[in-house]
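The lines below spell out each chain.
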Amino acid sequence: MRHGTMKRIRGISQIAAVCLLAGLAAACGATHPTKYYVLDAPPAPAPGTQAPIPVRLVVGRITASHLYREDRLVYGTGTVQMGTYEFERWSAPPVDLIQDMLVAALRNSGQYRAVSRIGSSARGDYVVRGHLYALDEIDNKPGLAARFALQLELFYPSAGSVVWSGSYNHDEPVEGKHPSVSDVVQALDRNVAAGIQQLTSGLSQYLAGHVQQQSAGN
Amino acid sequence: MDAKKEQALVGLFVIVAIVLLVITIFLMSGRTSGGEVSYHTYFKNAGGLEPGSQVRYAGGPPVGHVDKVTSDPHDSTRMEIDFAIKPDVPVKTDSLAEITSVSPLGDNFLGIRPGTNAAPRAPTGSTLKSLEYTSFTDVASLLAQLGPSANQLIGNLNGRTSQLQTTLDRINDLLNDKNRANISASLGNVNGMLAEDRPELHSTLAHVNESSAKLGPLIDDFRKTSAQADDALSHLDTMISENRPDLHKSIESLRKSLASAESLTDQLDRTLNANSENLDEIIDSLRVATANLNEFTDTIKTRPASLLRSPGYKPRNPGDPPPK
């Protein structure tokens, strides 16, 4: 009886060892390398001759679907289906990339007294906040497109209301017969640069006119 | 009768007639009574008096005469009048001399106004006080000076008369038949209203009377309350006085506690300011950690075998169909 029990335990141990070795062998297979991509900041515009608008802007966090709060590149097939690349990733979540580009664009414009990212010590007259609707590859036959859709709004804390809003939605064609992910990211980069340029120009026009009206009223 | 006797009789008759004439003249001029009393007085204007002018006492019959009218050698602006009166005339030291006349057309005489009974008799040769004489020329001059003022007064009077006339016209206009009818109707309405509201007015006055009656007790209560409040304040004051050292200690202690709290708040504020960036970073890290945990949980749920082996994803190229 004692001899039989020992024999059974030894058999189970042998089976477990074999399974473990098989699992390790499967796990130690060659893995595909992960590639990371970035979005370039928009080029700095030529400094204007006008005096800066006397307001301080705080750029808040960009809200988005959880797909854009992760670092995987997103693609869309058909009209309703979306997926993510496993080995092609952004250097940071798209919402953070877009926030960084907004801060850089507003600062480089030189049109405002101060531009800062939202934080515990940030103080400002207006809060720029937005929602990212799309930053993905669209697989439409016959070609591919890079879609960027963003809505921005200007929140005035003193009045507790949104005083301006603007949106951008554009599909930028991806160049090349057999485009790679890099081609898609370049198209996305162009699209994002154009969109941010358009939205910040609208914001600047509103603030300039509004501040001028306030000065005339006083 | 011989001629010499006849001439002597005629001469004697003439002498007797002359003596009688002289006596008559003296009697008529009043200079015959001996022992007259002399006085002096002064006037700015002698009023036509001359030696021999009458002197009357209290407007009565003549009692003396003016002896001399000359300018005062010491004051050339006034005239000195010397006069004499009968010694029985009661001239007192406060008697006054004046130049007057019995009628507007009569001659001026020197009048003497009686003095008071208590005053002593004026001694002989004394100077009596005088009332200045106002001649007709002075009156005419005064009237001439009053002329412009009188004209102005008449002008003002005319103006006021015009205004009065205008006012009367307006009053007449206000009190025309139509307005009188309106006023009469209004008075009728007021009478009607008063008659109609008399009970309400009576009731309101009764309420006011009741309220006034209640005010008295209320004021009494208020006085009592005020007295009690005074008493309470007095007790409070006594208590504060008794516990002043303890109160002082408590306030000192409270002040120190407040200072400590302020210092603590400052330190906390500085700490928060100094570490705000770190706090932001911690919150951001928590966000990333939460996202990773979500992904890990999702992976465990959907592909638990990935804990032991690679899921075997195939790299995707743009445009590839989605994996089945």
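Our subject is the structure listed above.
Residues numbered from 1 in each chain as written. Chains lettered and ligands numbered in written order. Predicted model: local features only at pLDDT ≥ 70, side-chain atom pairs only at ≥ 80, totals over all residues. Heavy atoms only, no water.

1. A word on the sheet that holds strand β5 (residues 96–101) of chain B
Residue and element names in this part refer to chain B. Rules: One bridge is not enough; two strands pair if DSSP finds at least two bridges between them. Numbered from the N terminus, helices here are DSSP runs of H or I no shorter than four residues, and strands are runs of E no shorter than two. Interaxial angles span 0 to 180 degrees and are taken between N-to-C directions of axes, which are lines fitted to C-alpha atoms, for helices over the stretch in contact.
As summarised here, the arrangement of the seven strands in space is β1-β4-β3-β2-β6-β5-β7, forming an open sheet in which the pairing is mixed. Two strands close off the open sheet at either side, each with one partner strand: β1 (37–43) and β7 (129–131). Sheet twist, expressed as the mean angle between neighbouring strand axes with direction ignored, is 35°. Where strand β3 (residues 62–71) lies against strand β4 (residues 79–85), seven bridges are found, and the strand directions are antiparallel. Across the sheet, the residue bridging to V66 is F83, located in β4.

2. Quick look at the packing of aromatic side chains
Residue and element names in this part refer to chain B. Let me state the cut-off plainly: Aromatic pairs are defined between Phe, Tyr and Trp rings, using the six-membered ring for Trp, whenever the two ring centres lie within 6.5 Å; interplanar angles under 30 degrees are classed as stacked, those over 60 as edge-to-face, and all others as tilted. Criterion for a charge above a ring: Arg CZ or Lys NZ at most 6 Å from the ring centre, at most 35 degrees from the ring normal.
Taken as a whole, this structure holds four aromatic pairs over all chains when the rule is applied. Taking NZ or CZ as reference, R56 lies 5.0 Å from the ring centre of F109, over its face. The aromatic ring of Y42 is capped on one face by R78, whose charged end is 3.9 Å from the ring centroid.

3. A look at the layout of surface pockets
Convention followed: We place a 1 Å grid over just the protein atoms. Points where a 1.4 Å probe fits but has no way out form a cavity, open points with protein on both sides within 12 Å along at least 5 of 7 lines form a pocket, and any residue with an atom within 4 Å of a point lines it. Grid points are joined across faces, edges and corners, and a volume is the space filled by probe spheres set on the points. Charged residues are taken to be Asp, Glu, Lys and Arg, nonpolar residues to be Ala, Val, Leu, Ile, Met, Phe, Trp, Tyr, Cys and Pro, and polar residues to be all remaining types, Gly included.
Roughly 960 Å³ of volume is contained in the largest pocket. Around the largest pocket, the lining is made up of 34 residues, and of these R72, T84 and E86 of chain A together with R303 and Y313 of chain B lie nearest the centre. Of the residues forming the lining of the largest pocket, the biggest block, eight residues, is contributed by strand β4 (residues 81–90) of chain A. Residues that form the lining of the largest pocket fall into these classes: 12 nonpolar, 12 polar and 10 charged.

4. Here we look at the pattern of salt bridges
Threshold: We define a salt bridge as a side-chain nitrogen of Lys or Arg found within 4 Å of a carboxyl oxygen belonging to Asp or Glu. Relative accessibility under 20% of the residue-type maximum defines a buried residue, over 50% an exposed one, and the middle range a partly exposed one, all with a 1.4 Å probe and only protein chains included.
This model, assessed by the stated rule, comprises 22 salt bridges over all chains. With its nearest N and O atoms 2.4 Å apart, the salt bridge here joins D100 of chain A to R117 of chain A. Linking D100 of chain A in helix α3 (residues 94–109) with R117 of chain A in strand β5 (residues 112–117), this pair joins segments that are 17 residues apart in sequence. Of the residues examined, R117 of chain A reaches a relative accessible area of 37% and is grouped as partly exposed. A salt bridge links R113 of chain B to E98 of chain B; the shortest N-O distance between them is 3.2 Å. Pair noted here: R113 of chain B is in strand β6 (residues 108–113) and E98 of chain B is in strand β5, with a separation of 15 residues, a long-range link.

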